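Listed here are the chains, written in short residue letters.
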Amino acid sequence: MKNTEIASIFFEMADILEMQNVAWKPVAYRKAARAIEELSEDVEEIYRKGGLNALEDISGVGENIANKIVEFIEKGKVKEYEMLKKSLPAGLSGLLQVPGLGPKKAMALYKELKIKNVDELEKAALSHKISKLPLFKEKAEENILKGLEIFRQGQERMPLGFALPIAEGIVLGLKKVKGVEKIQIGGSLRRMRDTVKDIDILVAAEQAKEAMDVFASMPNVKSIIAKGGTKSSVLLKEGMQVDVRVVPLKSFGSALQYFTGSKDHNIGLRRIAIAKKLKLSEYGLFDAKEKQVAGKTEEEVYRALGLSYIEPEMRENTGEIEAAMKGKLPKLVSVSDIKGDLHTHSNYSDGSNTIEEMALAAKRRGYEYICISDHSKSENIANGLSEERLFRKIEEVKRVNKKLRGITVLCGSEVNILDDGSLDYSDDVLKKLDVVVASVHSKLKMPKEQVTARLLKAMQNPYVHIMGHPTARHFGKREEMAIDMDAFFRAAKEYGKIPEINSAVERMDLRDVHVRKAVEMGVKLSVDTDAHSVQELLNIRLGVGTARRGWCEKKDIVNTYSLKELMKVLKKQ
Ligand code: DGT
Ligand code: CA
Ligand code: ZN
C-alpha cells in the first residue's frame, strides 16, 4: 500500500512550502495527507478502479493533488516534491523532525545561524546562540536540547504498533517458502515491549537458502547488512533492522526461548539449569553427557527446568521465575477476553467513521459493547462537541441502538481535564452520559505536585469513570507528565476510578510498570484503543500486551466484563 508514502510526501511538501512562506498551500497539503493516511483502502486501488475522479472524492484532495497522486503511482515520484527538496539545503528538512521546531523556526535558524542539520543545531543550542534570535524565547535552547533527545530516542527505537504489522508481513511472506517448517517473531516484539530496537524472526528449516533469498529480496528491503545460510540481516525502508535466524526443528523451542529473551530472563533460566546440572543454550537443554533433554518446544524447556510455562510478556526477570517455580503465575488476560472498547471516536469529533460504522466494526470483532467518546468542547483542534452537538449525539446513539442487534453503543465523551482539574462540561451534562473518560490535553508541563493535584481533583468528580491516557506521553514528541503514581492509584482506588491503558500506537499509556503497580494496589483498569477509525480497533492487542506485561488477569480489566457487570462497576445500573 502506498498510502503512507504518499501522505508523508505531502506532509513534507507542506513543511517546505511553509518554510518558504507560501500561503494556504501547506494547509491544503496537510489536509490531504491526513485524509490519505486515514484511508482504509489502498489509494492505488482507488485510482485503478475509479480513475482521477475517484481520487478527487477523497476529502481534501482536489485536481492538483490528485494529479500528484497519479504521478506517484505511475512514476514512483512527484516532480514538484523533488524540486522543492532541491530548493532547500540538504538536511534542513530533517530539522523539522525535532519536536518543537516548526518550519518557520527551522528557516530562521538556517538564515541567521546557517544551521542545516541536527548536529549543528545541538552545537548552537549548547553555545547559547539561539536564544538571542527574535523568534526564540529564553528557554528555547533547553527545549531544543530536550526535543533533540526525544528525536534521537525515536530514531533508535520504534513503537510496537509500528513494528508489529511490518514483522507480521515478513512472517507471512516467508511462511509459504519451501523448506520453512516453523516461523515465529521473537525478541522484544514478542514480549510486546512498547518500543523495539529491531525485529527478530526465527525460522525452523533444514535447508533455508530459498527463505533467505526471498527475505533479502522483499520489496521493502533498503539494504542487505549480511546474508548467510543461518542468519541474514537487512535494513528496511521503514528504517529498522530485521534479523532472521534459521535453526533445525529439534532446537526451535530453545532457540525461540533464547531469542525471545529478555536477556535478564535468560540469565535467570541458565542459573536454574546449572543448579540442576544441565546446560541451556539456543541449541537446547543438555545433560552432563551432552544429551539433549529438551529443545523442540518452549513448553518442553520450561517443564524440564521444573517451571510452569512463562508467557513471553512476563519474561523480564522481575519475579516471574520465582512465581513459575511455585506454580503461582497469574493467568494473564488475553485479547479474546475483551468484550468491548470504552474509548473511541466517531466523525462527531475527529474520527473518520460514523457511530454506526464503529458499532458494526465492534460487532464484527465479537464485542458486546462499544463506547463512542468524542472530544469535549474546549478541544477545538479535534472538533470537540458543544453541549448542543453532544445532545444530538445522544439521540443518534439511541437511533443506532434501536437499529442494530447484537451490539450496544454507549454514549460517552473524552472530556478535557482543564488546567485547574475541573472538567470541560458541567455535572448536569456529564450525568447524561453512559461513560465519561477524563483526559489531559493541555498544559502538560506542569510541575509534579500540580499535575497530581489536577488529576486527583478530576477523580473527585462523581461522574468521571475512566482516566484517559493518564501520563499523556507521545512517542517522538513529548515525554510523560510528571505524576506521583502512588498518589494517583491510591486516589483511583479511593474514588473508584478506572485508569486506562491506551493502545494508540503513539501513546501506549499507561506503561507496563505502571500497570504492574496498579494491579498490586488492587486498582481496576480499562484497555482502550482510542480508535479514530474502524481499523484502529485492532490496536487493542497492543494495550492487552501492555496489560499482560503488567501481570493483569481478566478480573483486573473492566472491559472483559459483560455489559451488565460493567454497568455495576460504573455504578450505572
Ligand atoms: P530490543 O531489540 O532492544 O528491543 O530488545 P531485545 O530483547 O529484542 O534484544 P536483542 O534484539 O538485542 O536480542 C534478542 C534476544 O536475544 C534477547 O531478548 C535475548 C537474547 N540475547 C541477546 N544477547 C544476549 C546475551 O548476551 N545473553 C543472553 N542470555 N541472551 C541474549
Ligand atoms: Ca530485538
Ligand atoms: Zn481519545
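Residues numbered from 1 in each chain as written. Chains lettered and ligands numbered in written order. Predicted model: local features only at pLDDT ≥ 70, side-chain atom pairs only at ≥ 80, totals over all residues. Heavy atoms only, no water.

Is there a simple way to think about the overall build of the chain in this case?
The helix and strand tally for the chain stands at 24 helices and 17 strands. At 26 Å, the chain has a C-alpha radius of gyration in line with the 25 Å of a compact globule built from 573 residues. Across its three principal directions, the C-alpha atoms of the chain cover 75 × 60 × 55 Å. A separation of at least 24 residues holds for 67% of the contacts in the chain among residues at least 6 apart in sequence. For the chain, the accessible surface area stands at approximately 26800 Å², while carbon and sulfur atoms represent 52% of it. (Helix = DSSP H or I, 4+ residues; strand = E, 2+ residues; numbered from the N terminus. Rg over C-alpha atoms; globule rule 2.2 N^0.38 Å. Contact = heavy atoms within 4.5 Å. Areas by Shrake-Rupley, 256 points an atom, 1.4 Å probe, with all protein chains shown as cover.)

How do you make sense of the environment of Ser 376 when you look at a structure like this?
Mapped onto the elements of the fold, Ser 376 is located in the loop between β12 (369-375) and α18 (387-403). Taking the C-alpha atoms as reference, Ser 376 lies 7.4 Å from Tyr 425; in sequence the two are 49 residues apart.

Explain the sheet that holds strand β2 (residues 182-185) here, please?
Strand-to-strand pairing in sheets goes through backbone hydrogen bonds, with the strands running parallel or antiparallel. Across the sheet, which stays open at both edges, the 5 strands sit in the order β2-β4-β7-β6-β5 with mixed pairing between neighbours. A single partner strand is all that each edge strand has here, and the edge strands are β2 and β5 (221-227). Going from strand to strand, the sheet's axes swing by 20 degrees on average, the running direction of each strand aside. As paired elements, β5 and strand β6 (residues 231-236) share 5 bridges and run antiparallel to each other. Counterpart to Val 221 in the pairing with β6 is Leu 236. (Pairing = 2+ DSSP bridges. Axes fitted to C-alpha atoms, helices over the stretch in contact; angles between N-to-C directions.)

Would you take a moment to explain the coordination of the zinc ion (ligand 3) for this structure?
The expected angle between donors at a tetrahedral four-coordinate metal is 109.5 degrees. At an octahedral six-coordinate metal it is 90 or 180 degrees. Of the protein atoms, only His 343 (NE2), His 345 (NE2), Glu 414 (OE) and Asp 530 (OD) coordinate the zinc ion (ligand 3), at distances of 2.1 to 2.2 Å. Coordination geometry of the zinc ion (ligand 3): the 4 donor atoms subtend angles of 87 to 176 degrees at the metal centre, consistent with an arrangement described as irregular. Positions of the donor residues of the zinc ion (ligand 3), expressed as sequence spacing, correspond to H-x1-H-x68-E-x115-D. Remark: Asp 530 occurs in the loop between β17 (526-528) and α23 (540-549) and His 345 occurs in the loop between β11 (340-344) and α17 (355-364); sequence separation between them is 185 residues. (Donors = N, O, S within 2.8 Å, 3.2 Å for Na, K, Ca; no water. Tetrahedral: all angles 85-135°; square planar, octahedral: opposite > 155°, others 65-115°.)

How should I be thinking about the site of ligand 1 in this particular structure?
Close contacts around ligand 1 come from 16 residues, with Arg 157, Ser 188, Arg 191, Lys 197 and Arg 270 the closest. Between a nitrogen atom of ligand 1 and a side-chain N or O atom of Arg 270, the distance comes to 2.7 Å. Relative to its unbound accessible surface of 590 Å², ligand 1 loses 76% to contact with the protein. Among the secondary structure elements, those contributing two or more residues to the shell around ligand 1 are α11 (187-190), α13 (252-260) and α14 (263-275). Among the residues making up the shell around ligand 1, the classes are represented as 3 nonpolar, 6 polar and 7 charged. Taken together, domain 2 (158-247) and domain 3 (252-325) each give at least three residues to the shell around ligand 1, which thus spans both. (Near = heavy atom within 4 Å. Polar contact = N/O pair within 3.5 Å; in protein donor to acceptor, adjacent residues only side chain to side chain. Nonpolar A, V, L, I, M, F, W, Y, C, P; charged D, E, K, R; others polar. Domains from an automatic or database assignment.)

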